[in-house]
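Commentary on secondary and tertiary structure
Now for the letters of each chain:
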Amino acid sequence: MAVKSTKAGGLPSIKSTVNQLIKSKQVRQNMVNLYRVNKHNGFDCPGCAWGDEKDGTFRFCENGAKAVAWESTELTVGPEFFAQHTVSELNKQSDHWLEGQGRLTHPLRYNAQSDRYEPISWDDAFALVADKLKSLHSPDELELYTSGRASNEASFIYQMFGRAFGSNNFPDCSNMCHEASGIALNQSIGVGKGTVVLKDFTLADTIFVYGQNPGTNHPRMLNALRAAAKRGATIVSVNNLKEVGLQKFASPQKPAELLGLETVQISSRYVSPKLGGDYAVARGMAKAIFANHADKIDSSFVDDHTAGFAEYQTVVESTSWEAIEQQSGLDKATLEELAMLFVASSKTISTWAMGITQHLYSVETIKEIVSLHLLTGALGLPGAGLSPVRGHSNVQGNRTMGILESPKPDFNQRMKDTFGFNPPEKPGHRVYDMLAALHAKQSRVLICLGGNIVAANADTPFTTASVGNAELLVSIATKLNRTHVTAKHDALLLPCLGRTEVDMQASGNQAITVEDTFSMVHGSTGTTEPQSDNIKSETEIIARIAAHTLGENTPVNWQALIDNYDNIRDLIAKVIPGFDDMNEKIAEPGGFHLYNAAANREWKNQAGKALFNTNALPEHLFSDNVLARIKQQSQPVFTMQTLRSHDQYNTTIYGMNDRYRGVFGERNIVFMNAEDLARLNIQEGALVDIETVWSDDVVRKVTRFKALSYDIPQGNVASYYPEANPLVPFHSVGKLSATPTSKAVPVKITPVAVIH
Ligand SMILES: Nc1nc2c(c(=O)[nH]1)N[C@H]1C(S)=C(S)[C@@H](COP(=O)(O)OP(=O)(O)OC[C@H]3O[C@@H](n4cnc5c(=O)[nH]c(N)nc54)[C@H](O)[C@@H]3O)O[C@H]1N2
Ligand SMILES: Nc1nc2c(c(=O)[nH]1)N[C@H]1C(S)=C(S)[C@@H](COP(=O)(O)OP(=O)(O)OC[C@H]3O[C@@H](n4cnc5c(=O)[nH]c(N)nc54)[C@H](O)[C@@H]3O)O[C@H]1N2
Ligand SMILES: [Mo]
């Protein structure tokens, strides 16, 4: 059994933070950086999207510190490095090694003959992109990918450039992440975002945390949960495996807790459903509410604000307990208890993340969670509501700025009014469509505003082939990663500033803005001097590509936008609702909150009402043809989830440890239930091969993973992302979200034969 840590946070997390800073070889500047993180006049933490009161207090978390240290390393990779290594050689290195080489400092162009990245001037690079784009047969052959770190300013001009060029192909990391949340919330409550703000966590009586590991991925959320637990709020964790951070937490900011003298019990109840079983969990809770707590149904809220109640009641009551228990893996008594906790107060918040959104039925599952809130009216009240906890620090802002494949007509109208061109109306590509189009060579140019699509997406060989097909691959990046070394034809690697760095333009050091998971928009100003004069801001790179490409047809003076980002914000104010007087509003400490209609009980969806989920529970969590293959297997088939270790930021691997889960020095791990290990006759720590069971005949396999016993339901296993991505079939995506089902892959596990 992996020896787990017994609590999250505390002294080890401070030690680990400091170690990170020392290893980054820039201790002094890093301490200054940490001090300025998430403060007014400082920069927004490039870690997660959790919000903070921007009241000037010193706040950081261990993983935010890692993100800052990783970005502000003094190590660099310039032309000499690339002269020494061919791209094929680099592609043999690990993700950890590639990024660990340091910051990119020089624009580079891939030379397929020499198989090397070679220096190019910025002007030549921009001209090259412009020439290639002008040669395309159709704007649809261009793909514009975005990862969620890009600022509002960079995202806004990026989408404006793409639309002026004629494309709606804006795949982004949300397509692999919270897509289902946006779709489900838009349809059911008319706003694709969470309805609560940080303050609500101080008022809630009950907090349900579904499919999320905040101890690692949103450590600042633990402060909110800790405070809630201390004042007696009930916290219920619904998680497939036992996560230390959701059990006990010692705050690094409280001396007694830091010294290990005191820890706070976070969850008062912790249940572990089967993977994908949350739909049935929420359905079971609803069934128990109808049966045992009908008096807690807020009928005036239901009557005034919702539609579909009667059908919902019918479909819930007709779902059998047998089906609910079988699919959730939890028994009726447990679900009745959860229902009791849920109705105990209408000041209830539900939060969720990837354990909910990366499944076949994610959209429906979220609608079912929403329905519970509609029953008791736990929505649009202080201390009550829905909180999808976003990943990347500005992924929500990207969407607000128009990074999406199918904008609404009123957005297009405002774009037209502001810029004078007709934006394309045909829906563009999401990540899934983009990779399919590149695979089929229908798309020809891929521009990546950050991220690492090759390592991040499913089915690594398929994704690699797709990206390799790009006739021109343009990566705007801080560090070298797998995507860059996947280039096969022409490619540019354009080094950009990180959020911690000074972005000096004609009018001075530029602030950018971001939107956190609570829809708070605030400024961020870098404080570290960039490692090289040759690194440009994302905003400038996009503006120059746009200026070169659009030429005389340009709708704006790009140089003016580069000189002063206030000018970009003035344009945002014209196009995006809620951003009027943006420049004045971001000058306020803490920034401003974007109005959320659902939080005010106004329903902006088609029905004009909050909608109950009226779908029947699916019979199975895999589609029929996959199920047929599963049934043909002679050996047991497990469901695998792929998750993050404590030492990584998505595809960025900081280190090889996963402290809270007791794993050190390695990542090719599969966590299994001890009974399953015994059943397969696998010794603790033995090596196994893992192979996907799918409806096609493609072999998807990873080899020599170490099997460790863990507190996880029988039949379920867990492995780290991105190492396990080759196992996730490309076409295995959420029914309505097209998000890879990274938390539910059917696999068989075979011990590696030991050769004596
Ligand atoms: N340090 C750090 N911070 C991060 C990131 C990072 O990689 N490192 N990534 C950022 C990004 S982009 C995102 S989206 C978020 C991700 O934040 P999380 O969603 O917390 O990330 P995962 O590691 O994917 O964890 C999924 C959790 O859901 C549980 N789970 C999996 N499947 C199921 C299920 O079917 N049902 C239930 N009930 N539980 C399930 C897993 O056991 C695990 O605890 O974090 C953001 N913050
Ligand atoms: N199997 C499996 N796959 C998953 C997931 C999973 O849980 N399981 N999670 C999915 C999720 S939630 C997400 S969000 C995606 C993440 O997908 P992406 O967002 O594409 O990937 P990241 O790893 O966050 O991107 C890291 C790279 O971003 C670049 N970078 C870092 N900072 C900056 C910056 O400030 N500017 C620019 N331009 N570049 C920068 C660096 O070059 C770094 O290598 O992965 C998804 N993939
Ligand atoms: Mo994410």
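Calculation rules
- Residues numbered from 1 in each chain as written.
- Chains lettered and ligands numbered in written order.
- Predicted model: local features only at pLDDT ≥ 70, side-chain atom pairs only at ≥ 80, totals over all residues.
- Heavy atoms only, no water.
- Helix = DSSP H or I, 4+ residues; strand = E, 2+ residues; numbered from the N terminus.
- Rg over C-alpha atoms; globule rule 2.2 N^0.38 Å.
- Buried < 20%, exposed > 50% of the residue type's maximum accessible area, 1.4 Å probe, protein only.
- Core = buried A, V, L, I, M, F, W, Y, C linked by side-chain atoms within 4.5 Å.
- Contact = heavy atoms within 4.5 Å.
- Near = heavy atom within 4 Å.
- Polar contact = N/O pair within 3.5 Å; in protein donor to acceptor, adjacent residues only side chain to side chain.
- Areas by Shrake-Rupley, 256 points an atom, 1.4 Å probe, with all protein chains shown as cover.
- Nonpolar A, V, L, I, M, F, W, Y, C, P; charged D, E, K, R; others polar.
- Domains from an automatic or database assignment.
- Pairing = 2+ DSSP bridges.
- Axes fitted to C-alpha atoms, helices over the stretch in contact; angles between N-to-C directions.
- Phe/Tyr/Trp six-rings, centres within 6.5 Å; stacked < 30°, edge-to-face > 60°.
- Lys NZ or Arg CZ within 6 Å of the ring centre and 35° of its normal.
- UniProt positions renumbered as here; feature names shortened; annotations may be inferred.
- Lys, Arg positive; Asp, Glu negative; His and termini not counted.
- Salt bridge = Lys/Arg side-chain N within 4 Å of Asp/Glu carboxyl O.

**Overview of the overall build of the chain**
Check the secondary structure of the chain and you find 31 helices and 31 strands. For a compact globule of 756 residues, the expected C-alpha radius of gyration is about 27 Å, and the chain comes in at 25 Å, within 12% of that figure. By its C-alpha atoms, the chain is 70 × 70 × 55 Å across when sized along the principal axes. Burial status across the chain gives 63% buried among its 756 residues.

**Points about the nonpolar core**
The biggest cluster of nonpolar side chains holds 58 residues, and the ones touching the most others in it are F156, F419, I447, L494, W558 and F579. Considering every element that reaches this core, the biggest residue donor is helix α8 (residues 152-165), with seven residues. Not counting residues within four places of it along the chain, the set of residues in contact with F419 comprises F156, M160, P555, V556, L571 and V575. Core analysis: the second largest hydrophobic core is formed by 54 residues, A282, F301, L330 and L360 among them.

**Let's talk about the site of ligand 1**
Looking at ligand 1, there are 31 residues lining it, with N239, E243, D278, Q648 and N650 nearest. In this structure, N240 approaches ligand 1 through a main-chain N or O atom, which is 3.2 Å from a nitrogen atom. For ligand 1, whose free accessible area comes to 910 Å², the fraction covered by protein is 99%. At the level of elements, α11 (214-217), α19 (354-357), β24 (638-643) and β25 (648-649) are the ones that each hand at least two residues to the shell around ligand 1. When its residues are assigned to classes, the shell around ligand 1 shows ten nonpolar, 17 polar and four charged. Both domain 3 (179-389 + 607-611) and domain 4 (624-751) contribute no fewer than three residues apiece to the shell around ligand 1.

**A word on the side chain of N239**
Following the sequence through the fold, N239 ends up in the loop between β8 (234-238) and β9 (248-250). In this structure the side chain of N239 is engaged in a polar contact, spanning 3.1 Å, whose partner is the backbone oxygen of Q212. What N239 contacts, discounting residues up to four positions off in sequence, is G211, Q212, L246, Y270, V271, S272 and P273.

**Thoughts on the sheet that holds strand β27 (residues 669-672)**
Backbone hydrogen bonds hold the strands of a sheet together, and the pairing may be parallel or antiparallel. Read around the barrel, six strands follow the order β24-β30-β27-β29-β28-β31 and close on themselves; strand pairing throughout is mixed. Each strand axis lies, on average, 45 degrees off the axis of its neighbour in the sheet, ignoring direction. In the sheet, β24 pairs with strand β30 (residues 716-720) via five bridges, with the strands oriented parallel. Paired with Q641 across the bridge in β30 is A718.

**Regarding the pairing of strand β29 (residues 701-709)**
Sheet topology note: the β27/β29 ladder contains four bridges and is parallel. The residue of β29 that forms the bridge with M672 is S709.

**A closer look at the site of ligand 2**
Taken together, 31 residues lie near ligand 2, and Y145, A456, E538, T651 and Y721 sit nearest. In this structure, an oxygen atom belonging to ligand 2 sits 3.2 Å away from a main-chain N or O atom of G451. Within the backbone of I476, a nitrogen or oxygen atom sits 3.0 Å from a nitrogen atom of ligand 2. Taking 920 Å² as the accessible area of ligand 2 by itself, protein coverage stands at 96%. Counted by class, the shell around ligand 2 contains eleven nonpolar, 14 polar and six charged residues. Here the shell around ligand 2 gathers at least three residues from each of two domains, domain 2 (76-177 + 394-590) and domain 4 (624-751).

**Thoughts on the packing of aromatic side chains**
Inspection of the entire model under this criterion finds 25 aromatic pairs. A centroid spacing of 4.8 Å and a plane angle of 75 degrees characterise the contact between W50 and F518, whose relative ring orientation is edge-to-face. Linking W50 in the loop between α2 (27-36) and α3 (62-71) with F518 in the loop between β20 (511-515) and β21 (520-525), this pair joins segments that are 468 residues apart in sequence. Three or more aromatic residues joined by ring pairs form one cluster here, namely F81, F82, W97, Y110 and Y117. A cation over an aromatic ring shows up here: R149 above the ring of Y649, its NZ or CZ 5.2 Å from the ring centre. Note that K585 overlies the ring of F592, its terminal NZ or CZ placed 4.7 Å from the centroid.

**Regarding the UniProt feature "domain: Molybdopterin dinucleotide-binding" (unreviewed entry) in the chain**
Here the UniProt feature "domain: Molybdopterin dinucleotide-binding" (unreviewed entry) sits at residues 638-745. Taken as a whole, residues 638-745 contains 6% helix and 32% strand, while its terminal C-alpha atoms sit 8 Å from one another.

**Focus: the sheet that holds β21**
Pairing is antiparallel in the open sheet, where three strands are placed in the order β20-β21-β22. Every interior strand has two partners, whereas the edge strands, β20 and β22 (592-593), have only one. Strand direction decides the pairing type here: β20 and β21, joined by five bridges, are antiparallel. Residue T513 lies in a different strand from β21, and its bridge partner there is G523. Of the strands in this sheet, β20 and β21 are in contact with α8, which crosses β20 at around 85 degrees.

**Thoughts on the environment of R679**
Mapped onto the fold, R679 is located in helix α31 (residues 674-679). For the pair R679 and I576, spaced 103 residues apart in sequence, the C-alpha to C-alpha distance is 57 Å. The residues touching R679, leaving out its near neighbours within four places in the chain, are P636 and F638. A distance of 2.9 Å separates the side chain of R679 from the side chain of D676, its partner in a polar contact.

**Focus: the side chain of E99**
On the secondary structure map, E99 appears in helix α6 (residues 95-100). Of the buried charged residues, E99 lacks a salt bridge, with K479 as the closest side chain of opposite charge at 5.0 Å. Residues within four places of E99 in sequence aside, it is in contact with W70, K479, L480, N481, T651 and T652.

**With respect to the pattern of salt bridges**
Across all of its chains, the model carries 31 salt bridges by this definition. The partner of E471 in a salt bridge is K132, and the shortest N-O contact between them spans 2.6 Å. Of this pair, E471 sits in the loop between α25 (460-468) and β16 (472-477) while K132 sits in helix α7 (residues 122-134), and the two are 339 residues apart along the sequence. For E471, a relative accessible area of 29% gives the class partly exposed. Salt-bridge contacts for E540 lead to R544; the nearest nitrogen and oxygen are separated by 2.9 Å. Of this pair, E540 and R544 both sit in helix α26 (residues 538-550), four residues apart, which is roughly one turn of that helix. Because the salt bridges share partners, they merge into one network encompassing E62, K66, D647 and R659.

**Description of unusual backbone geometry**
Cis geometry marks the peptide bond from Y721 to P722; its omega dihedral reads 0 degrees. Locating P722 in the fold gives a position in the loop between β30 and β31 (745-751). Despite not being glycine, D115 has its phi angle at roughly 55 degrees, a positive value. Inspection of the secondary structure assignment puts D115 in the loop between β4 (108-111) and β5 (116-119). Residues other than glycine seldom take positive phi values, yet A738 does so here, at roughly 60 degrees. With respect to the helices and strands, A738 occurs in the loop between β30 and β31. For A738, a relative accessible area of 10% puts it in the buried group.

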